[in-house]
Amino acid sequence: MFNKLKDKLKGFKSSLGNKIDEKAVPLEHEEELLKEDTSQHTIDKSRPDSSGTKKSAGITQKAKALVFEREVILDENDLEDPLWELEIALLESDIAMSVSEAIIDSVKQELVGTRKRIGKNTDELVEQALRNALLKIMSANIFDFDEFIENADKPVNIVFVGINGTGKTTTIAKMANYLKKRGYTPVLAAGDTFRAGAIDQLDIHSKKVEVKIIKHKEGGDPAAVIYDALEYAKANKADVILSDTAGRLHTNVNLMSQLKKICRISSPDLVIFVDEAVAGNDAVERASQFNEAVPIDGSILTKIDADAKGGAAISIAYITNKPILFLGIGQGYDDLKKFDPEWFVNKLFE
Ligand SMILES: Nc1nc2c(ncn2[C@@H]2O[C@H](COP(=O)(O)OP(=O)(O)OP(=O)(O)O)[C@@H](O)[C@H]2O)c(=O)[nH]1
Ligand SMILES: [Mg+2]
């Protein structure tokens with residue numbers, strides 16, 4: 001998962017790590033230890049022993065090994081080259097420009113100017129700064145979906161939107177499974193009345209997950225299907241309506257205004273934008289366009305398992321200012337992971 005971005009972050013860690021190694025000086029008490037050991041080294045060297053030089057080299061190594069704690073003060077110049085490399089690496093990993101700049105600023109702020117104590121492993125200092133920067137970006141819009149569902153007036157109406165083939169219908173089935181496992185009763189609304197086979201596709205999922213589906217004929221009015229599902233849910237005390245919609249391009253003005261109409265009439269409690277993480281910056285751009293049109297309340301990124309670079313997940317919440325709710329991590333019904341910034345950042349440094 002995220003292998004390319006992982007490698008790039010490693011590259012930054014070691015290039016800045018080397019810089020720090022060059023600049024770091026031993027802490028004062030460690031310096032004393034170093035001096036003591038060096039005087040020992042002089043005695044050894046005075047021995048008329050043919051192996052003397054070798055022995056003294058060994059002692060110097062030992063002296064160095066004694067220095068466990070060092071300190072370093074980095075200035076902007078030290079960081080310039082590694083940060084430039086990092087910026088390129090982030091952009092190459094599909095992280096949007098403004099987000100990459102925010103990450104760089106945050107790393108810089110954490111590392112420049114202040115005295116830092118470091119042990120032998122300079123990478124740790126760099127990794128911590130990177131982790132903090134990424135966590136800050138990704139924790140900006142936290143939203144607890146489970147808490148929301150628990151506390152919301154029932155039935156909760158959730159509409160799924162996005163471009164074609166990103167995983168909306170599959171995600172609805174996964175979400176139905178997720179909610180069922182938590183004791184709720186979901187109902188599916190077959191609101192994609194446009195694409196041939198879309199209603200049947202959702203119907204098959206509803207049978208497998210064993211949840212009720214409300215469907216009309218192909219070509220029908222999606223808002224009417226969602227309305228019927230709402231009525232059914234109210235009459236049968238179902239908790240959540242999961243409404244499918246047809247995939248549409250964010251650039252198609254007519255289809256986007258139809259989506260606005262569906263959302264206005266069916267007055268959803270949540271509009272969730274679904275896109276695939278592998279789409280990278282395109283997904284981020286689409287999210288912001290859907291958000292302008294509808295607007296959205298959050299995103300779900302699918303196909304994280306399909307060698308996504310990770311950039312979209314880092315950028316999308318920041319750019320839309322709306323949370324990521326779940327990640328799709330496979331094709332099975334259980335492959336829906338509640339989004340957790342710490343889990344995500346840990347994955348990048350595994
Ligand atoms: N590997 C992987 N595949 C996924 C994931 N989510 C969905 N898919 C696959 O993506 C394909 C498209 O999924 P759909 O759910 O039909 O997508 P959609 O957005 O409803 O498509 P349209 O209705 O045509 O707009 C299917 O083959 C799914 O199995 C995921 O998290 N990982
Ligand atoms: Mg679909």
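Structure: above.
Nothing here was measured: the structure is a model prediction, and the numbers come from that model.

Attention shifts here to unusual backbone geometry. Going from K154 to P155, the amide bond is cis rather than trans, its omega being -5°. Residue P295 is reached from V294 by a cis peptide bond, and omega for that bond is -15°. As for its placement among the helices and strands, P295 is situated in the loop between α12 (281–293) and β9 (298–302). The phi torsion at E210 lies on the positive side, around 60°, for a residue other than glycine. Inspection of the secondary structure puts E210 in the loop between α9 (198–209) and β6 (212–214). Positioned with a positive phi, K237 is a non-glycine residue whose angle comes to about 55°. Along the chain, K237 turns up in the loop between α10 (222–236) and β7 (240–243).

A few words on the site of ligand 1. As a structural note, the neighbourhood of ligand 1 is formed by 20 residues, with K168, T169, T170, D305 and Q331 the closest of them. A distance of 3.2 Å is found between an oxygen atom of ligand 1 and a backbone nitrogen or oxygen belonging to G330. Considering ligand 1 on its own, with 650 Å² of exposed area, one finds that the protein chains cover 82% of that surface. The element best represented in the shell around ligand 1 is helix α8 (residues 168–181), accounting for four residues. Looking at the shell around ligand 1 residue by residue, the class counts come to two nonpolar, twelve polar and six charged.

Pairing within the open sheet is antiparallel, and its three strands lie in the order β1-β2-β3. At either margin of the open sheet sits one strand with a lone partner, and together these are β1 (25–26) and β3 (115–118). The pairing of β1 with strand β2 (residues 70–73) spans two bridges and is classified as antiparallel. Within β2, the residue paired with P26 across the bridge is R70. Sheet contacts for helix α1 (residues 3–23): β1, β2 and β3; angle to β2, the most-contacted strand, approximately 110°.

Okay, α10 next. With 15 residues, α10 should cover 21 Å at 1.5 Å per step; its first-to-last C-alpha distance of 21 Å lies within 8% of that length. Those residues of α10 that fall on the buried side of the exposure criterion are P222, A223, V225, I226, A229, L230 and A233. For α10, the angular spread of the buried residues around the axis is 160°, confining them to a single face. Exposed positions of α10 whose direction lies more than 90 degrees from the buried face are K234 and A235.

Attention shifts here to the pattern of salt bridges. For the structure on display, the rule yields 15 salt bridges. A salt bridge links K8 to E92, with the shortest nitrogen-to-oxygen separation between them at 2.8 Å. Of this pair, K8 sits in helix α1 while E92 sits in helix α4 (residues 76–92), and the two are 84 residues apart along the sequence. Exposure remark for K8: the relative accessible area of 26% places this residue in the partly exposed category. In this structure, D275 and R286 form a salt bridge, with 2.8 Å as the shortest nitrogen-oxygen distance. Note that D275 is positioned in strand β8 (residues 270–276) and R286 in helix α12, a separation of eleven residues in sequence. In this structure, a network of salt bridges that share partners links the residues K13, E127 and R131.

As a further point, take the sheet that holds β7. Taken in spatial order, the eight strands of this open sheet run β6-β5-β7-β4-β8-β9-β10-β11, and their pairing is mixed. Of all strands in the sheet, those bounded by a partner on one side alone are β6 and β11 (336–338). Each neighbouring strand pair of the sheet contributes to a mean axis angle of 25°, computed without reference to strand direction. Bridge analysis of strand β10 (residues 324–328) against β11 gives three bridges, and the strand direction is antiparallel.

The tendency in soluble globular proteins is for nonpolar side chains to be buried as a group. In terms of nonpolar packing, the biggest core is built from 73 residues, with L9, I103, V107, F290, I314, F344 and L348 touching the most fellow members. Among the elements that take part in this core, helix α6 (residues 122–138) stands out by supplying eight residues, more than any other. Two domains each put at least three residues into this core: domain 1 (3–138) and domain 2 (145–340).

What follows concerns the packing of aromatic side chains. Note on aromatic pairs: each is described by the distance of the centres and the angle between the planes. All chains considered together, the criterion is met by seven aromatic pairs. Between F143 and F148 the ring centres are 5.4 Å apart and the planes differ by 45°, which places this aromatic pair in the tilted class. A relative accessible area of 23% places F148 in the partly exposed class. Between F145 and Y178, the aromatic rings sit 6.4 Å apart at their centres with planes inclined by 65°, giving edge-to-face as the arrangement.

By the element assignment, I118 lies in strand β3. Looking at I118, the relative accessible area reads 5%, which means it is buried. In sequence terms I118 and E71 are 47 residues apart; their C-alpha atoms lie 5.6 Å from each other.

Following both chains from N to C, one finds α4 and helix α5 (residues 97–111) inclined at 150°, their axes separated by 10 Å at the closest point. It follows from the interaxial angle that α4 and α5 lie roughly antiparallel. Like other packed secondary-structure pairs, α4 and α5 cross with a definite hand, here right-handed. Together, E76, L79, L83, L86, E87, L90 and L91 of α4 and M97, S100, E101, I103, I104, V107, K108 and L111 of α5 make up the contact between the two elements. Counted by class, the contact of α4 with α5 contains ten nonpolar, one polar and four charged residues.

What counts and how
- Residues numbered from 1 in each chain as written.
- Chains lettered and ligands numbered in written order.
- Predicted model: local features only at pLDDT ≥ 70, side-chain atom pairs only at ≥ 80, totals over all residues.
- Heavy atoms only, no water.
- Helix = DSSP H or I, 4+ residues; strand = E, 2+ residues; numbered from the N terminus.
- Near = heavy atom within 4 Å.
- Polar contact = N/O pair within 3.5 Å; in protein donor to acceptor, adjacent residues only side chain to side chain.
- Areas by Shrake-Rupley, 256 points an atom, 1.4 Å probe, with all protein chains shown as cover.
- Nonpolar A, V, L, I, M, F, W, Y, C, P; charged D, E, K, R; others polar.
- Pairing = 2+ DSSP bridges.
- Contact = heavy atoms within 4.5 Å.
- Axes fitted to C-alpha atoms, helices over the stretch in contact; angles between N-to-C directions.
- Expected span 1.5 Å × (residues − 1).
- Buried < 20%, exposed > 50% of the residue type's maximum accessible area, 1.4 Å probe, protein only.
- Arc of directions from axis to C-beta.
- Salt bridge = Lys/Arg side-chain N within 4 Å of Asp/Glu carboxyl O.
- Core = buried A, V, L, I, M, F, W, Y, C linked by side-chain atoms within 4.5 Å.
- Domains from an automatic or database assignment.
- Phe/Tyr/Trp six-rings, centres within 6.5 Å; stacked < 30°, edge-to-face > 60°.
- Parallel < 35°, antiparallel > 145°, perpendicular 65-115°, else oblique.
- Left-handed = near helix turned anticlockwise from the far one by under 90°.

As far as function goes, none of this settles anything; it's purely spatial.
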